[in-house]
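Below, each chain spelled out in residue letters.
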Amino acid sequence: QKEVEQDPGPLSVPEGAIVSLNCTYSNSAFQYFMWYRQYSRKGPELLMYTYSSGNKEDGRFTAQVDKSSKYISLFIRDSQPSDSATYLCATSNTGFQKLVFGTGTRLLVSP
Amino acid sequence: DTGVSQDPRHKITKRGQNVTFRCDPISEHNRLYWYRQTLGQGPEFLTYFQNEAQLEKSRLLSDRFSAERPKGSFSTLEIQRTEQGDSAMYLCASSLIQGAGSGANVLTFGAGSRLTVL
């Protein structure tokens with residue numbers, strides 16, 4: 001079993017839709033949770049990160065972490081075609097060591 | 001500061017040849033990571049350095065792989081006797097760690113070096 005599980009998609013939505021992207025993880029030592037966006041043939045770029053449980057909002061993006069169920073979510077409001085990319089969740093422990101990534105979910109937003 | 005730079009962006013080689021990738025991290029960053037990403041998968045950790053010290057290596061890093069960061073600045077990843085299974089995107093990332101309690105380990109990635117082994 002992978003430490004971080006993520007549905008690979010693809011997830012296809014119309015422009016303006018609310019998108020929900022999710023991951024589950026198995027290691028309760030993970031404390032930091034991140035979302036990266038990766039366009040085709042590019043490196044991942046950080047969207048946002050959260051520490052422990054709770055919500056964090058940045059513009060159209062909201063990240064949620066539920067440590068009791070080991071569940072991570074990213075919500076995108078008013079989705080745009082430019083949001084079409086692969087979204088990677090990642091986690092790390094408090095030891096500031098390596099990030100562990102999910103498989104990535106490919107999102108397609110059609111105009 | 002132009003971010004994390006990787007070179008070459010794409011390398012095509014024949015099986016059995018050696019290849020070397022270079023990574024120039026963000027100048028003030030003390031941590032440097034190498035990840036490998038195959039099609040349809042997330043990045044998989046290979047190794048990381050804090051300054052010039054290599055602190056952890058994944059079991060994915062076979063004896064044919066060697067990484068160095070001789071002066072704590074740029075890093076090289078060499079693959080000897082390449083195999084078709086080595087075909088992947090090799091991603092470099094860097095971060096600044098200032099000690100316990102300083103927050104998340106936020107990695108900044110380069111654009112990657114794509115390896116194709118024929």
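Throughout what follows, the structure given in this document is the object of discussion. (Residues numbered from 1 in each chain as written. Chains lettered and ligands numbered in written order. Predicted model: local features only at pLDDT ≥ 70, side-chain atom pairs only at ≥ 80, totals over all residues. Heavy atoms only, no water.)

## With respect to the pairing of strand β11 (residues 113-117) of chain B
Residues and elements named next belong to chain B.
Item 1. Burial of β11 is one-sided: the residues Ser113, Leu115 and Val117 facing one way are buried, the residues Arg114 and Thr116 facing the other way are not.
Item 2. In this sheet, β11 lies alongside strand β2 (residues 10-13) in parallel orientation, the contact comprising four bridges. Its bridge partner being in β11, Lys11 is matched across the sheet by Leu115.
Item 3. Taken together, the three bridges between strand β9 (residues 88-95) and β11 define a ladder with antiparallel strand orientation. (Buried < 20%, exposed > 50% of the residue type's maximum accessible area, 1.4 Å probe, protein only. Helix = DSSP H or I, 4+ residues; strand = E, 2+ residues; numbered from the N terminus. Pairing = 2+ DSSP bridges.)

## Thoughts on the packing of aromatic side chains
Both the distance between ring centres and the angle between the ring planes are used here to describe each pair of aromatic rings.
Item 1. Applying the stated criterion to the full structure yields 14 aromatic pairs over all chains.
Item 2. Every member of this aromatic cluster is reached through a ring pair, and the members are Tyr36 and Phe101 of chain A together with Tyr33, Tyr35, Phe45, Tyr48 and Phe109 of chain B.
Item 3. Sitting over the ring of Tyr49 of chain A, Lys56 of chain A keeps its end group 4.4 Å from the ring centre.
Item 4. Over the ring of Phe45 of chain B we find Lys98 of chain A; its NZ or CZ atom is 5.4 Å from the centre of that ring. (Phe/Tyr/Trp six-rings, centres within 6.5 Å; stacked < 30°, edge-to-face > 60°. Lys NZ or Arg CZ within 6 Å of the ring centre and 35° of its normal.)

## Some words on the interface of chain A and chain B
Item 1. Taken residue by residue, the interface counts 19 residues in chain A and 28 residues in chain B.
Item 2. Both faces combined, the contact of chain A with chain B buries some 1800 Å², and carbon together with sulfur accounts for 56% of it.
Item 3. Salt-bridge contacts for Glu56 of chain B lead to Lys98 of chain A; the nearest nitrogen and oxygen are separated by 3.0 Å.
Item 4. Applying the counting rule to chain A against chain B returns six residue pairs in polar contact (both at pLDDT 80 or more).
Item 5. When residues of the side of chain A that touches chain B are traced back to their parent elements, those giving at least two are β4 (30-38) and β5 (45-51) of chain A.
Item 6. In terms of residue count, the dominant contributor to the side of chain A that touches chain B is β4 of chain A (four residues).
Item 7. Classifying every residue of the side of chain A that touches chain B gives 10 nonpolar, five polar and four charged. (Contact = heavy atoms within 4.5 Å. Buried area = accessible area lost by both parts, 1.4 Å probe. Salt bridge = Lys/Arg side-chain N within 4 Å of Asp/Glu carboxyl O. Polar contact = N/O pair within 3.5 Å; in protein donor to acceptor, adjacent residues only side chain to side chain. Nonpolar A, V, L, I, M, F, W, Y, C, P; charged D, E, K, R; others polar.)

## Concerning the environment of Phe49 of chain B
Residue and element names in this part refer to chain B.
Item 1. With respect to the secondary-structure elements, Phe49 resides in strand β5 (residues 44-50).
Item 2. For Phe49, a relative accessible area of 2% translates into the label buried.
Item 3. Considering only alpha carbons, one finds Phe49 and Leu32, 17 residues apart in sequence, at a separation of 5.2 Å.
Item 4. Sequence-distant contacts of Phe49, that is, excluding residues within four places in its chain, are made with Asn30, Arg31, Leu32, Trp34, Gln54, Ala67, Glu68, Arg69 and Ser75.

## Notes on unusual backbone geometry
Among all residues except glycine, the phi angle is most often negative; among peptide bonds, the trans geometry is most common.
Item 1. At the junction of Gly9 of chain A and Pro10 of chain A, the peptide bond is cis and its omega measures out at 10° in the coordinates.
Item 2. By the secondary structure assignment, Pro10 of chain A is in the loop between β1 (4-6) and β2 (11-14).
Item 3. Backbone torsion omega between Asp7 of chain B and Pro8 of chain B reads -5°, so that peptide bond is classified as cis.
Item 4. The topology assignment puts Pro8 of chain B in the loop between β1 (5-7) and β2.
Item 5. Of note in this structure, Asn51 of chain B is not a glycine but carries a positive phi near 55°.
Item 6. Checked against the element boundaries, Asn51 of chain B lands in the loop between β5 and β6 (53-57).
Item 7. Since its relative accessible area comes to 35%, Asn51 of chain B is described here as partly exposed.
Item 8. The phi dihedral of Arg81 of chain B falls on the positive side, at around 50°, and the residue is not glycine.
Item 9. Of note, Arg81 of chain B is situated in the loop between β8 (75-79) and β9.
Item 10. For Arg81 of chain B, a relative accessible area of 47% corresponds to the partly exposed category.

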